[in-house]
Amino acid sequence: MDISKNKELDHDVKMFKKYKNLLKELTLKNVKLKYRSSWLGILWSFFQPLLNMIVLSVVFGGIFGKKSDLIVCYPVYLFTGRLLFSFFTSSTKQAMTSFRRNQAIIKKVYVPKYMYPLSAIFSNFVTFAISLLCLVCVWIFFKLTGLQGGSQLEINGYALLFWVPMLLMLIFSTGVGLILSVLCVYFRDIEYIWDVVTQLLFYMVPILYHLSTINTRWIQIVIKINPLYSMIELFRHCVLYGQLMSWKLLLYATVVSVITLLVGILFFNWKSDDIIFHL
């Protein structure tokens, strides 16, 4: 049994190496297609989160921005949470519909099927990485001007660990994306249900507000159970608070991310051979 599993694993590794260049090309194609008809093109990866931050800051800044002393600079606080959450929602949504968008190719050419949801997730990770440049500019602006408490912003060596929560978010999103990509083939309603779920998650994760503003104990517990909360808080520890990441949040986020990825891989391998019959 162990020998057969090792052979299967070796085969999967060889297939991934064989098609890794295709994964790269599919990822780049998705990035180009996303902004193909726009004048600014990929620059929207910079301006879109900036405009979202401005709108949300104007609307919610007076409501949540001054209710907690733990929020150093509300626009930057909002930006950090919104940035990671947007990557999660956009990557999972595109992974979910990746088979339907590529069904003509899937029916004609053999390619490992996981390439399609993976390329969708990785292309969103590219735009996410570009959006980090916007975060740096926003951070510098509020630090220099002192607006919205920006003078309290500090940066130190802990900021160099920003890639850790980003990596965890990528792992977690990949696991969720693999599961959704298969489910959406069999149940098309999943696409609409996931839209509602992500809207609910947006308000159930401290993006607009700080957790301390929630007075109900059981709601706080529900929010803390959500792995998105742990990853966003870890990211804020690095780039907003200038603190060492909480080992409890890091351990929880790592375990949940790895388990989600493993479940996603197992579920995908279980159903991937039947996908072509349902497209």
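Quantities reported herein were computed from a predicted structural model and do not represent experimental measurements.

Trainee: Help me out: how do you make sense of the overall build of the protein in this one?
Mentor: The number of helices and strands found in the protein is twelve helices and zero strands. Taken from the N to the C terminus, the helices and strands of the protein come in the order α-α-α-α-α-α-α-α-α-α-α-α. A burial count over the protein gives 47% of its 279 residues as buried.

Trainee: I keep staring at the packing of aromatic side chains and nothing clicks. Help me out?
Mentor: For any two aromatic rings, the description comes down to two numbers: the centre-to-centre distance and the angle of the planes. Counting across every chain of the model gives eleven aromatic pairs. Judged by centre distance (6.4 Å) and plane angle (65°), the rings of Phe 99 and Tyr 116 are edge-to-face. Linking Phe 99 in helix 5 (residues 98-101) with Tyr 116 in helix 7 (residues 115-145), this pair joins segments that are 17 residues apart in sequence. Here Phe 99 and Phe 268 contribute two aromatic rings whose centre-to-centre distance is 6.0 Å and whose plane-to-plane angle is 25°, an arrangement assigned as stacked. Taken together, the positions of Phe 99 in helix 5 and Phe 268 in helix 12 (residues 247-271) put the pair 169 residues apart, joining distant regions of the chain. Here a set of aromatic residues connected by ring pairs shows up, and it is made of Phe 85, Phe 202 and Tyr 203. Stacked on the ring of Tyr 186, the Lys or Arg Lys 271 has its end atom at 5.5 Å from the ring centre. We note Lys 271 situated over the ring of Trp 270; from NZ or CZ to the ring centre the distance is 4.5 Å.

Trainee: Looking at this model, I keep getting lost on the packing of helix 4 (residues 74-96) against helix 9 (residues 190-204). Mind explaining?
Mentor: Packed helices, taken two at a time, are described by the angle their axes make and the gap between the axes. Closest axis-to-axis distance for the helix 4/helix 9 pair is 11 Å, and the angle between their directions is 170°. Viewed along their axes, helix 4 and helix 9 adopt a mutual orientation that is roughly antiparallel. Contact residues: helix 4 offers Arg 82, Phe 85, Phe 88, Thr 89, Thr 92, Lys 93 and Met 96, while helix 9 offers Ile 190, Glu 191, Trp 194, Asp 195, Thr 198, Leu 201 and Phe 202. For the contact of helix 4 with helix 9, the residue count by class is seven nonpolar, three polar and four charged.

Trainee: Looking at this model, I keep getting lost on the pattern of salt bridges. Mind explaining?
Mentor: A pair can form between side chains of opposite charge whenever their charged atoms are brought close. The full count for this structure, using the stated rule, is three salt bridges. Note that Asp 195 is salt-bridged to Lys 93, the shortest N-O span being 3.2 Å. Taken together, the residues Asp 195 in helix 9 and Lys 93 in helix 4 connect sequence positions 102 residues apart. The class for Lys 93 is partly exposed, based on a relative accessible area of 30%. A salt bridge links Arg 236 to Glu 233, with the nearest nitrogen and oxygen atoms 3.2 Å apart. Separated by three residues within a single helix, Arg 236 and Glu 233 lie in helix 11 (residues 227-239), roughly one turn from each other. Residue Glu 233 is classed as buried on the basis of its relative accessible area, which comes to 7%.

Trainee: Looking at this structure, I do not really get the side chain of Ser 123. What am I missing?
Mentor: Looking at the element boundaries, Ser 123 is found in helix 7. Sequence-distant contacts of Ser 123, defined by excluding residues within four places in its chain, comprise Thr 27, Asn 30, Val 31 and Gln 94.

Trainee: When you look at a nonpolar patch on the surface in this model, what are you seeing that I'm missing?
Mentor: On the surface, Leu 43, Phe 47, Leu 51, Ile 54, Val 55, Val 58 and Val 59 cluster together into a nonpolar patch covering about 620 Å² of accessible area. Within the secondary structure layout, Phe 47 lies in helix 3 (residues 44-64). Using a relative accessible area of 31% as the deciding quantity, one classes Phe 47 as partly exposed.

Trainee: What is the right way to look at the environment of Ile 179 in this model?
Mentor: Mapped onto the fold, Ile 179 is located in helix 8 (residues 163-186). Of the residues examined, Ile 179 reaches a relative accessible area of 22% and is grouped as partly exposed. The spacing of Ile 179 and Phe 267 is 88 residues in sequence and 6.6 Å in space, taken between C-alpha atoms.

Trainee: Where do I start with helix 9 in this structure?
Mentor: Since the α-helix turns once every 3.6 residues, residues separated by three or four places project in the same direction. Taking 1.5 Å of rise per residue, 15 residues should cover 21 Å, and helix 9 covers 20 Å from first to last C-alpha, within 8% of that figure. When we look at burial in helix 9, the residues that qualify are Ile 190, Glu 191, Trp 194, Thr 198, Leu 201 and Phe 202. In an axial view of helix 9, the angular spread of the buried residues amounts to 120°, which keeps them on one side of the axis. Summarising the geometry of helix 9, the exposed residues directed more than 90 degrees from the buried face are Tyr 192, Val 196, Gln 199, Leu 200 and Tyr 203.

Reading guide: rules and limits
Residues numbered from 1 in each chain as written. Predicted model: local features only at pLDDT ≥ 70, side-chain atom pairs only at ≥ 80, totals over all residues. Heavy atoms only, no water. Helix = DSSP H or I, 4+ residues; strand = E, 2+ residues; numbered from the N terminus. Buried < 20%, exposed > 50% of the residue type's maximum accessible area, 1.4 Å probe, protein only. Phe/Tyr/Trp six-rings, centres within 6.5 Å; stacked < 30°, edge-to-face > 60°. Lys NZ or Arg CZ within 6 Å of the ring centre and 35° of its normal. Axes fitted to C-alpha atoms, helices over the stretch in contact; angles between N-to-C directions. Parallel < 35°, antiparallel > 145°, perpendicular 65-115°, else oblique. Contact = heavy atoms within 4.5 Å. Nonpolar A, V, L, I, M, F, W, Y, C, P; charged D, E, K, R; others polar. Salt bridge = Lys/Arg side-chain N within 4 Å of Asp/Glu carboxyl O. Patch = residues over 30% accessible without salt bridge, like charges linked within 9 Å, V, L, I, M, F, W, Y side chains within 5 Å. Areas by Shrake-Rupley, 256 points an atom, 1.4 Å probe, with all protein chains shown as cover. Expected span 1.5 Å × (residues − 1). Arc of directions from axis to C-beta.

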